Amino acid sequence: MQWEVKSRECDLGEQQLLDKAIKGDKDALSLLLQNNYQFIMGYFIKLTSSPEIALDLTQETMLRAIKKLSQFNKKAKLSTWLITIGTNIYRDWLRKEKRAKEELDQLVINEPAPKNDALNQIIESLPPEKRLPLVLKYYYGYTYEEIAIILEIPPGTVRSRLHNTIKELRCKL
Amino acid sequence: MLNCQKAEELMIDTLLEKKPLPKEVASHINECQSCQVLFDDLQKMKSLLDEPIESMNTPPIWYFSHLVSSNKEDEITSQETILFFLLAGFILGIAYWVIRLNLFGPFIAITSFGALLLSLVAVSVGRETRD
(Lines give C-alpha, C1' and ligand atoms only; values in the text may rest on other atoms or scores of the structure.)
Protein backbone atom coordinates (compact mmCIF):
# COMPACT_ATOMS: atom_id res chain seq x y z
CA MET A 1 0.00 0.00 0.00
CA GLN A 2 1.42 3.33 -0.99
CA TRP A 3 1.64 5.96 1.64
CA GLU A 4 -0.26 9.12 0.92
CA VAL A 5 -0.37 12.26 2.97
CA LYS A 6 -3.69 12.25 4.68
CA SER A 7 -5.76 15.36 4.49
CA ARG A 8 -5.41 17.48 7.60
CA GLU A 9 -8.79 19.05 7.17
CA CYS A 10 -10.69 18.67 10.36
CA ASP A 11 -14.20 17.91 9.19
CA LEU A 12 -17.41 18.03 11.17
CA GLY A 13 -17.34 14.28 11.80
CA GLU A 14 -13.94 14.54 13.43
CA GLN A 15 -15.06 17.43 15.61
CA GLN A 16 -18.03 15.45 16.87
CA LEU A 17 -15.86 12.42 17.52
CA LEU A 18 -13.39 14.63 19.34
CA ASP A 19 -16.10 16.08 21.58
CA LYS A 20 -17.32 12.59 22.42
CA ALA A 21 -13.77 11.31 23.02
CA ILE A 22 -12.97 14.16 25.40
CA LYS A 23 -16.17 13.35 27.33
CA GLY A 24 -14.90 9.78 27.77
CA ASP A 25 -16.35 7.92 24.78
CA LYS A 26 -13.78 5.18 24.17
CA ASP A 27 -15.22 4.12 20.80
CA ALA A 28 -14.94 7.67 19.48
CA LEU A 29 -11.35 7.89 20.68
CA SER A 30 -10.49 4.55 19.06
CA LEU A 31 -11.94 5.75 15.75
CA LEU A 32 -10.01 9.03 15.92
CA LEU A 33 -6.76 7.20 16.57
CA GLN A 34 -7.43 4.82 13.70
CA ASN A 35 -8.16 7.74 11.37
CA ASN A 36 -4.85 9.42 12.27
CA TYR A 37 -2.74 6.27 12.33
CA GLN A 38 -1.35 6.50 8.79
CA PHE A 39 -0.66 10.20 9.25
CA ILE A 40 1.56 9.58 12.29
CA MET A 41 3.05 6.38 10.92
CA GLY A 42 4.09 8.11 7.71
CA TYR A 43 5.72 10.88 9.74
CA PHE A 44 7.86 8.42 11.69
CA ILE A 45 8.75 6.42 8.58
CA LYS A 46 10.04 9.61 6.98
CA LEU A 47 12.01 10.48 10.10
CA THR A 48 13.47 7.10 10.94
CA SER A 49 13.43 5.31 7.55
CA SER A 50 12.53 2.19 9.48
CA PRO A 51 8.97 0.78 9.51
CA GLU A 52 9.77 -1.23 12.66
CA ILE A 53 10.90 1.78 14.66
CA ALA A 54 8.07 3.85 13.18
CA LEU A 55 5.59 1.24 14.40
CA ASP A 56 6.90 1.45 17.98
CA LEU A 57 6.98 5.24 17.98
CA THR A 58 3.46 5.42 16.54
CA GLN A 59 2.15 3.14 19.27
CA GLU A 60 3.90 5.22 21.93
CA THR A 61 2.37 8.37 20.45
CA MET A 62 -1.08 6.82 20.54
CA LEU A 63 -0.61 5.75 24.17
CA ARG A 64 0.53 9.20 25.24
CA ALA A 65 -2.38 10.78 23.39
CA ILE A 66 -4.82 8.49 25.18
CA LYS A 67 -3.39 9.44 28.56
CA LYS A 68 -3.18 13.17 27.82
CA LEU A 69 -6.41 13.66 25.90
CA SER A 70 -7.89 15.70 28.74
CA GLN A 71 -5.06 18.23 28.16
CA PHE A 72 -5.98 18.73 24.50
CA ASN A 73 -7.37 22.26 24.23
CA LYS A 74 -8.78 22.04 20.67
CA LYS A 75 -6.92 25.20 19.62
CA ALA A 76 -4.88 23.10 17.18
CA LYS A 77 -6.06 20.27 14.98
CA LEU A 78 -5.91 16.81 16.50
CA SER A 79 -3.38 15.73 13.86
CA THR A 80 -1.13 18.67 14.76
CA TRP A 81 -1.39 17.80 18.45
CA LEU A 82 -0.48 14.19 17.64
CA ILE A 83 2.48 15.36 15.53
CA THR A 84 3.65 17.50 18.47
CA ILE A 85 3.46 14.51 20.81
CA GLY A 86 5.17 12.37 18.17
CA THR A 87 7.98 14.89 17.76
CA ASN A 88 8.66 14.85 21.50
CA ILE A 89 8.65 11.06 21.48
CA TYR A 90 11.01 11.03 18.50
CA ARG A 91 13.39 13.38 20.34
CA ASP A 92 13.27 11.14 23.44
CA TRP A 93 13.98 8.14 21.24
CA LEU A 94 16.94 9.92 19.65
CA ARG A 95 18.35 10.70 23.09
CA LYS A 96 17.95 7.08 24.21
CA GLU A 97 19.55 5.81 21.01
CA LYS A 98 22.44 8.21 21.42
CA ARG A 99 22.98 7.06 25.00
CA ALA A 100 22.74 3.41 23.96
CA LYS A 101 25.18 4.03 21.14
CA GLU A 102 27.64 5.60 23.51
CA GLU A 103 27.40 2.56 25.76
CA LEU A 104 27.62 0.09 22.92
CA ASP A 105 29.90 1.59 20.31
CA GLN A 106 28.92 -0.73 17.53
CA LEU A 107 25.17 -0.47 17.89
CA VAL A 108 23.35 0.28 14.65
CA ILE A 109 20.70 2.96 15.23
CA ASN A 110 18.50 2.53 12.17
CA GLU A 111 17.97 -0.67 10.32
CA PRO A 112 18.29 0.39 6.70
CA ALA A 113 15.09 -0.09 4.77
CA PRO A 114 15.54 -2.00 1.55
CA LYS A 115 13.40 0.34 -0.51
CA ASN A 116 13.60 4.02 -1.41
CA ASP A 117 17.36 4.04 -0.95
CA ALA A 118 17.96 7.43 -2.52
CA LEU A 119 15.22 9.06 -0.49
CA ASN A 120 16.35 7.40 2.73
CA GLN A 121 19.92 8.50 2.15
CA ILE A 122 18.80 12.08 1.61
CA ILE A 123 16.73 12.30 4.78
CA GLU A 124 19.01 10.17 6.92
CA SER A 125 21.97 12.34 6.03
CA LEU A 126 20.36 15.24 7.87
CA PRO A 127 20.68 15.86 11.60
CA PRO A 128 17.33 15.76 13.49
CA GLU A 129 17.09 19.53 13.87
CA LYS A 130 17.05 19.79 10.07
CA ARG A 131 15.19 16.59 9.35
CA LEU A 132 12.15 17.49 11.47
CA PRO A 133 11.35 20.86 9.82
CA LEU A 134 11.90 19.39 6.33
CA VAL A 135 9.47 16.52 6.92
CA LEU A 136 6.89 18.78 8.56
CA LYS A 137 7.12 21.36 5.79
CA TYR A 138 7.60 19.28 2.68
CA TYR A 139 5.43 16.28 3.41
CA TYR A 140 2.87 17.74 5.78
CA GLY A 141 2.58 21.29 4.47
CA TYR A 142 2.68 22.94 7.89
CA THR A 143 3.29 26.68 7.93
CA TYR A 144 6.46 28.11 9.43
CA GLU A 145 4.44 29.27 12.44
CA GLU A 146 2.93 25.83 13.00
CA ILE A 147 6.35 24.18 12.75
CA ALA A 148 7.70 26.76 15.16
CA ILE A 149 5.02 25.80 17.70
CA ILE A 150 5.58 22.07 17.22
CA LEU A 151 9.37 22.33 17.53
CA GLU A 152 9.34 25.19 20.06
CA ILE A 153 11.68 27.39 18.03
CA PRO A 154 11.13 30.87 16.48
CA PRO A 155 9.42 30.94 13.01
CA GLY A 156 12.43 32.79 11.55
CA THR A 157 14.68 29.96 12.64
CA VAL A 158 12.39 27.44 10.93
CA ARG A 159 12.65 29.28 7.60
CA SER A 160 16.41 29.78 7.74
CA ARG A 161 16.92 26.18 8.84
CA LEU A 162 14.82 24.91 5.93
CA HIS A 163 16.67 27.04 3.41
CA ASN A 164 20.01 25.86 4.78
CA THR A 165 18.78 22.27 4.64
CA ILE A 166 17.86 22.56 0.97
CA LYS A 167 21.25 24.08 0.20
CA GLU A 168 22.99 21.32 2.15
CA LEU A 169 21.03 18.62 0.33
CA ARG A 170 21.90 20.18 -2.99
CA CYS A 171 25.59 19.84 -2.18
CA LYS A 172 25.08 16.18 -1.26
CA LEU A 173 23.22 15.30 -4.44
CA MET B 1 14.98 43.39 -11.40
CA LEU B 2 15.49 40.10 -9.59
CA ASN B 3 19.01 39.27 -8.42
CA CYS B 4 20.40 35.75 -8.06
CA GLN B 5 20.15 35.65 -4.26
CA LYS B 6 16.48 36.61 -4.30
CA ALA B 7 15.81 34.15 -7.12
CA GLU B 8 17.46 31.39 -5.09
CA GLU B 9 15.29 32.18 -2.06
CA LEU B 10 12.14 32.18 -4.17
CA MET B 11 13.07 28.90 -5.84
CA ILE B 12 13.61 27.21 -2.46
CA ASP B 13 10.34 28.64 -1.16
CA THR B 14 8.59 27.32 -4.27
CA LEU B 15 10.03 23.87 -3.66
CA LEU B 16 9.04 23.85 0.00
CA GLU B 17 5.58 25.29 -0.54
CA LYS B 18 4.97 23.12 -3.62
CA LYS B 19 3.78 26.15 -5.54
CA PRO B 20 4.28 26.99 -9.24
CA LEU B 21 7.37 28.99 -10.08
CA PRO B 22 6.70 32.78 -10.24
CA LYS B 23 7.00 34.25 -13.75
CA GLU B 24 9.76 36.67 -12.74
CA VAL B 25 11.88 33.80 -11.42
CA ALA B 26 11.25 31.75 -14.56
CA SER B 27 12.40 34.61 -16.77
CA HIS B 28 15.46 35.14 -14.54
CA ILE B 29 16.37 31.45 -14.85
CA ASN B 30 16.29 31.74 -18.66
CA GLU B 31 18.79 34.54 -18.48
CA CYS B 32 21.11 33.27 -15.72
CA GLN B 33 23.22 30.15 -16.16
CA SER B 34 24.00 29.56 -12.44
CA CYS B 35 20.31 29.89 -11.47
CA GLN B 36 19.42 27.46 -14.26
CA VAL B 37 21.81 24.92 -12.69
CA LEU B 38 20.29 25.53 -9.25
CA PHE B 39 16.78 25.10 -10.65
CA ASP B 40 17.73 21.78 -12.28
CA ASP B 41 19.27 20.57 -9.00
CA LEU B 42 16.14 21.51 -7.09
CA GLN B 43 13.96 19.68 -9.59
CA LYS B 44 16.14 16.60 -9.15
CA MET B 45 15.83 16.91 -5.38
CA LYS B 46 12.06 17.31 -5.66
CA SER B 47 11.72 14.11 -7.68
CA LEU B 48 13.73 12.25 -5.03
CA LEU B 49 11.74 13.69 -2.16
CA ASP B 50 8.49 12.82 -3.92
CA GLU B 51 9.34 9.14 -4.20
CA PRO B 52 6.53 7.21 -2.53
CA ILE B 53 7.51 5.02 0.40
CA GLU B 54 6.08 1.79 1.61
CA SER B 55 3.84 1.98 4.59
CA MET B 56 2.01 -0.46 6.79
CA ASN B 57 -1.68 -1.11 6.84
CA THR B 58 -3.81 0.57 9.45
CA PRO B 59 -4.66 -1.93 12.18
CA PRO B 60 -8.32 -2.89 12.69
CA ILE B 61 -10.49 -0.89 15.08
CA TRP B 62 -10.30 -3.53 17.82
CA TYR B 63 -6.58 -2.82 18.14
CA PHE B 64 -7.31 0.80 18.98
CA SER B 65 -10.20 -0.15 21.27
CA HIS B 66 -7.84 -2.43 23.18
CA LEU B 67 -5.20 0.30 23.33
CA VAL B 68 -7.74 2.79 24.69
CA SER B 69 -9.38 0.38 27.16
CA SER B 70 -6.10 -0.77 28.63
CA ASN B 71 -4.61 2.67 28.99
CA LYS B 72 -7.37 5.15 29.57
CA GLU B 73 -8.20 5.57 33.20
CA ASP B 74 -11.93 5.73 33.73
CA GLU B 75 -12.91 9.13 34.93
CA ILE B 76 -15.07 9.27 38.00
CA THR B 77 -18.51 10.52 37.08
CA SER B 78 -20.56 12.88 39.27
CA GLN B 79 -23.02 10.02 39.96
CA GLU B 80 -20.20 7.89 41.33
CA THR B 81 -18.99 10.79 43.46
CA ILE B 82 -22.47 11.22 44.99
CA LEU B 83 -22.69 7.48 45.65
CA PHE B 84 -19.29 7.57 47.34
CA PHE B 85 -20.31 10.35 49.72
CA LEU B 86 -23.68 8.68 50.46
CA LEU B 87 -21.91 5.44 51.35
CA ALA B 88 -19.34 7.28 53.46
CA GLY B 89 -22.16 9.14 55.28
CA PHE B 90 -24.04 5.88 55.86
CA ILE B 91 -20.96 4.20 57.39
CA LEU B 92 -20.22 7.22 59.58
CA GLY B 93 -23.88 7.29 60.66
CA ILE B 94 -23.75 3.66 61.71
CA ALA B 95 -20.49 4.24 63.57
CA TYR B 96 -22.04 7.22 65.36
CA TRP B 97 -25.11 5.28 66.53
CA VAL B 98 -23.03 2.24 67.50
CA ILE B 99 -20.89 4.42 69.75
CA ARG B 100 -23.80 6.47 71.07
CA LEU B 101 -26.04 3.50 71.92
CA ASN B 102 -23.11 1.35 73.06
CA LEU B 103 -24.00 -1.47 70.62
CA PHE B 104 -20.51 -2.81 70.09
CA GLY B 105 -21.44 -6.42 70.79
CA PRO B 106 -24.37 -6.74 68.33
CA PHE B 107 -22.49 -4.59 65.78
CA ILE B 108 -19.45 -6.87 65.77
CA ALA B 109 -21.74 -9.92 65.56
CA ILE B 110 -23.71 -8.51 62.61
CA THR B 111 -20.62 -7.34 60.68
CA SER B 112 -18.84 -10.66 61.26
CA PHE B 113 -21.88 -12.52 59.96
CA GLY B 114 -22.04 -10.19 56.96
CA ALA B 115 -18.33 -10.69 56.24
CA LEU B 116 -18.81 -14.47 56.43
CA LEU B 117 -21.72 -14.33 53.96
CA LEU B 118 -19.71 -12.12 51.57
CA SER B 119 -16.76 -14.53 51.74
CA LEU B 120 -19.03 -17.45 50.87
CA VAL B 121 -20.49 -15.53 47.92
CA ALA B 122 -16.97 -14.56 46.74
CA VAL B 123 -15.76 -18.17 46.94
CA SER B 124 -18.83 -19.37 45.03
CA VAL B 125 -18.50 -16.72 42.29
CA GLY B 126 -14.75 -17.31 42.05
CA ARG B 127 -15.24 -21.04 41.60
CA GLU B 128 -17.84 -20.50 38.87
CA THR B 129 -15.57 -18.09 37.05
CA ARG B 130 -12.61 -20.46 37.30
CA ASP B 131 -14.64 -23.42 36.02
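Residues numbered from 1 in each chain as written. Chains lettered and ligands numbered in written order. Predicted model: local features only at pLDDT ≥ 70, side-chain atom pairs only at ≥ 80, totals over all residues. Heavy atoms only, no water.

S.K.: Sorry, what's going on with the overall build of chain B here?
M.R.: Within chain B, the regular secondary structure consists of six helices and zero strands. Walking chain B from its N terminus toward its C terminus, one meets helices and strands in the order α-α-α-α-α-α. Relative to its 131 residues, chain B shows a buried fraction of 22%. Across chain B, contacts joining residues at least 24 apart in sequence account for 44% of those joining residues at least 6 apart. (Helix = DSSP H or I, 4+ residues; strand = E, 2+ residues; numbered from the N terminus. Buried < 20%, exposed > 50% of the residue type's maximum accessible area, 1.4 Å probe, protein only. Contact = heavy atoms within 4.5 Å.)

S.K.: Any chance you could explain the packing of aromatic side chains here in plain terms?
M.R.: Think of a pair of aromatic rings as described by two things: how far the centres are apart, and how the planes are tilted against each other in angle. Throughout the structure, instances matching the rule amount to 11 aromatic pairs over all chains. Aromatic side chains F72 of chain A and W81 of chain A sit 4.9 Å apart centroid to centroid with 40 degrees between the ring planes, which places their arrangement in the tilted category. Across this residue pair, the class does not change: F72 of chain A and W81 of chain A are buried. When the centroid spacing of 6.5 Å and the interplanar angle of 10 degrees are considered together, the rings of Y140 of chain A and Y142 of chain A count as stacked. Connected via pairs of aromatic rings, a cluster forms that spans F39, Y43, F44, Y140 and Y142 of chain A. The ring centre of Y138 of chain A lies 4.3 Å from the NZ or CZ of K18 of chain B, which sits over that ring. (Phe/Tyr/Trp six-rings, centres within 6.5 Å; stacked < 30°, edge-to-face > 60°. Lys NZ or Arg CZ within 6 Å of the ring centre and 35° of its normal.)

S.K.: Teacher, can you tell me more about the nonpolar core here?
M.R.: For soluble globular proteins, the rule of thumb is that nonpolar side chains tend to be buried together. Counting 71 residues, the largest nonpolar core has Y43, I83 and L134 of chain A as its most contacted members. Considering each element in turn, this core owes the most residues, 12 residues, to helix 2 (residues 26-48) of chain A. If we skip the residues at most four places from it in the chain, L134 of chain A touches L126, Y139, L162, T165, I166 and L169 of chain A together with L16 and L49 of chain B. (Core = buried A, V, L, I, M, F, W, Y, C linked by side-chain atoms within 4.5 Å.)

S.K.: Is there a simple way to explain empty space enclosed by the protein in this structure?
M.R.: Take a probe with the size of a water molecule and roll it over the atoms, and the empty space left behind shows itself. Residue and element names in this part refer to chain A. Counted by the stated rule, this structure contains one cavity of 30 Å³ or more. The space that makes up the largest cavity amounts to roughly 40 Å³. Around the largest cavity, the lining residues are L29, L32, L33, A65, I66, L69, L78 and W81. Of all the elements in the fold, those that place two or more residues in the lining of the largest cavity are helix 2, helix 3 (51-68) and helix 4 (78-103). In terms of residue count, the dominant contributor to the lining of the largest cavity is helix 2 (three residues). Here the residues of the lining of the largest cavity are counted per class, giving eight nonpolar, no polar and no charged. (1 Å grid on protein atoms, 1.4 Å probe; cavity = no way out; pocket = protein on both sides within 12 Å on 5 of 7 lines; lining within 4 Å. Points joined across faces, edges and corners; volume = space filled by probe spheres on them. Nonpolar A, V, L, I, M, F, W, Y, C, P; charged D, E, K, R; others polar.)

S.K.: How should I be thinking about helix 3 (residues 33-49) of chain B in this particular structure?
M.R.: Residues and elements named next belong to chain B. Its 17 residues place the ends of helix 3 24 Å apart at the C-alpha level, agreeing with the 24 Å of an ideal helix rising 1.5 Å per residue. The complete set of buried residues in helix 3 reads C35, L38, D41, L42, M45, L48 and L49. End-on view of helix 3: buried residues confined to an arc of 135 degrees, all on one side of the axis. Across from the buried face of helix 3, at angles greater than 90 degrees, the exposed residues are Q33 and K44. (Expected span 1.5 Å × (residues − 1). Arc of directions from axis to C-beta.)

Keep in mind these numbers describe shape, not what the thing actually does.
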